[in-house]
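Examination of the molecular architecture
Residue-level listing of the chains:
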Amino acid sequence: MSESLGQAAREASSLGAPAEAEMLTHRIGELEQQVFDLRRELADRDGDLAAARAVNRDPVAPGQPLTATPGSHHRSLRRRSR
């Protein structure tokens, strides 16, 4: 009797067979992991962006030459340390 009630409840909830519910539960876990990974990546990028903004706000003192770091492009000029 409890099996027939469980089956009726699954059908009423549109979940279908137990295998389908298990598949959906597995997919939910995959999607939750993907969300976690993307949030971590976003946090890393936010940190990189904040660091880049801090560097761009740091004014170069007049008369202080800019030097390129090895392997960098012209946008990566940095103040020469003394």
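The rules behind these values
- Residues numbered from 1 in each chain as written.
- Predicted model: local features only at pLDDT ≥ 70, side-chain atom pairs only at ≥ 80, totals over all residues.
- Heavy atoms only, no water.
- Helix = DSSP H or I, 4+ residues; strand = E, 2+ residues; numbered from the N terminus.
- Areas by Shrake-Rupley, 256 points an atom, 1.4 Å probe, with all protein chains shown as cover.
- Salt bridge = Lys/Arg side-chain N within 4 Å of Asp/Glu carboxyl O.
- Buried < 20%, exposed > 50% of the residue type's maximum accessible area, 1.4 Å probe, protein only.

Along its length, the protein chain carries two helices and two strands. Going from N to C terminus, the protein chain has its helices and strands arranged as α-α-β-β. When the accessible surface of the protein chain is totalled, it reaches about 7500 Å², and 57% of it is carbon and sulfur.

Next up on the list: the pattern of salt bridges. Considering all chains together, one arrives at three salt bridges under this definition. Among the salt bridges present, the one from Arg 27 reaches Glu 30, with a minimum N-O distance of 3.2 Å. Residue Arg 27 and its partner Glu 30 are both found in helix H2 (residues 18–57); the two are separated by three residues, about one turn of the helix. Residue class for Glu 30 comes out partly exposed when judged on its relative accessible area of 36%. Arg 45 serves as the salt-bridge partner of Glu 41, at 2.9 Å between the closest nitrogen and oxygen. Of this pair, Glu 41 and Arg 45 both sit in helix H2, four residues apart, roughly one helical turn.

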